[in-house]
Amino acid sequence: MDFIFLIIVFFIISSIVTNSDYSNQSLSVETTGNLQIIAVFFVILHHLSQILRDYPDSFLSSRLIIAGRLAVGLFFFVSGYGLIKQYQQRGQSYLDSFFKKKVMRIFLPFMLAMVIYFIYRNLIGELNFFTAMYSLVNGNPFVGNGWFTIMIIYLYIAFFISAYISKKMICSSFLCC
């Protein structure tokens, strides 16, 4: 785990050092992109290490499973950070096009894949409609590893609602609406 931590620190420092704009204390697009690449790399290693789950005491199995879980958290954090920075820069116009650009770009392909997969599993007798619908809200979707896409959609909706509510609260307290 120490080796993995050193790799992460190296990439973070190298991505920050290359950012010459030290007056801006926020993470740059390049830095957040690098962090997402690191997170994706560790998620891939996490999935590969699940093959070794029969060897729970091995280095890869025990360390990379934890690293993968942390990497998912890092990916969610960086994605949320990017959403907030975009909203701060673009304001209301970002919210106006948010669903079209973010949610629908993920939601429609995911729904298409789920419909096709549902039809297949239904035809072979493995899945019925009610079980499929329940699986979408209980955290264990019938599409393998679909929880990540569902979580992204939930977090996008939560971001949109919170940005909309916070805008209304700020406007009403300063009488700007």
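Rules used throughout
Residues numbered from 1 in each chain as written. Predicted model: local features only at pLDDT ≥ 70, side-chain atom pairs only at ≥ 80, totals over all residues. Heavy atoms only, no water. Core = buried A, V, L, I, M, F, W, Y, C linked by side-chain atoms within 4.5 Å. Buried < 20%, exposed > 50% of the residue type's maximum accessible area, 1.4 Å probe, protein only. Helix = DSSP H or I, 4+ residues; strand = E, 2+ residues; numbered from the N terminus. Contact = heavy atoms within 4.5 Å. Salt bridge = Lys/Arg side-chain N within 4 Å of Asp/Glu carboxyl O. Polar contact = N/O pair within 3.5 Å; in protein donor to acceptor, adjacent residues only side chain to side chain. Expected span 1.5 Å × (residues − 1). Bend = angle between axes of the 7 residues up to and from the residue. pLDDT = per-residue confidence, 0-100. Phe/Tyr/Trp six-rings, centres within 6.5 Å; stacked < 30°, edge-to-face > 60°.

Asker: Would you mind showing me how to read the nonpolar core here?
Answerer: One broad rule of soluble globular proteins: the nonpolar side chains tend to lie buried together. With 12 residues, the main nonpolar core is built from V72, F76, L83, Y87, Y94, L95, F98, V103, I152, Y156, F159 and A163. Secondary-structure elements contributing two or more residues to this core are α3 (59–90), α4 (92–96), α5 (98–123) and α7 (147–174). Setting aside residues up to four positions removed in sequence, F98 forms contacts with L83, V103, Y156, F159 and F160. With 9 residues, the next largest nonpolar core counts L127, F142, V143 and I150 among its residues.

Asker: Could you clarify how one ought to interpret the pattern of salt bridges in this entry?
Answerer: Pairing between side chains of opposite charge can happen when the charged atoms of each approach one another. Applying the stated criterion across every chain yields a total of 1 salt bridge. Between R121 and E126 there is a salt bridge; the shortest N-O distance is 3.0 Å. R121 gets classed as buried once you look at its relative accessible area, which sits at 15%.

Asker: What's the story with the side chain of S28 in this structure? I'm lost.
Answerer: Looking at where S28 falls in the secondary structure, it is placed in the loop between α1 (2–17) and α2 (29–49). Given the relative accessible area of 18%, S28 is considered buried. A polar contact is formed between the side chain of S28 and the side chain of T31, at a distance of 2.9 Å.

Asker: Could you clarify how one ought to interpret α5 in this entry?
Answerer: Three or four residues apart is the spacing at which side chains of an α-helix point the same way, because the helix has 3.6 residues per turn. Here α5 contains 26 residues, and its C-alpha end-to-end distance of 36 Å stays within 8% of the 38 Å for a straight helix at 1.5 Å per residue. Considering bend angle alone, the principal kink of α5 is centred on M104 and spans about 45°. Inspection of α5 places F98, V103, F110, M114, F118 and R121 among the buried residues, and these make up the whole buried set. Following α5 by one or two positions, G125 adopts a phi angle in the positive range, close to 80°.

Asker: Looking at this structure, I do not really get the environment of F107. What am I missing?
Answerer: By secondary structure assignment, the location of F107 is in helix α5. What makes F107 partly exposed here is its relative accessible area of 30%. Separated by 45 residues in sequence, F107 and I152 place their C-alpha atoms 9.5 Å apart.

Asker: Is there a simple way to think about the confidence of the model for the protein chain in this case?
Answerer: Any segment with low pLDDT has predicted coordinates that should not be analysed in fine detail. Confidence in the prediction for the protein chain averages 78 pLDDT; 73% of positions are at 70 or higher. Put simply, α1 is where the protein chain has its lowest mean pLDDT, 59, and helix α6 (residues 129–135) is where it has its highest, 90.

Asker: What's the story with the packing of aromatic side chains in this structure? I'm lost.
Answerer: Any aromatic ring pair is given by two values, namely how distant the centres are and how the planes are angled relative to each other. If you walk through the whole model with that rule in mind, you get 18 aromatic pairs. Between F76 and F148 the ring centres are 5.3 Å apart and the planes differ by 15°, which places this aromatic pair in the stacked class. Of this pair, F76 sits in helix α3 while F148 sits in helix α7, placing them 72 residues apart in sequence. On the accessibility criterion, F76 (19% relative accessible area) is buried. The class for F148 is partly exposed, based on a relative accessible area of 27%. With a centroid separation of 6.4 Å and an interplanar angle of 25°, the aromatic rings of F77 and Y81 are classed as stacked. Of the two residues, F77 and Y81 are both situated in helix α3; the distance of 4 residues between them amounts to about one turn of the helix.

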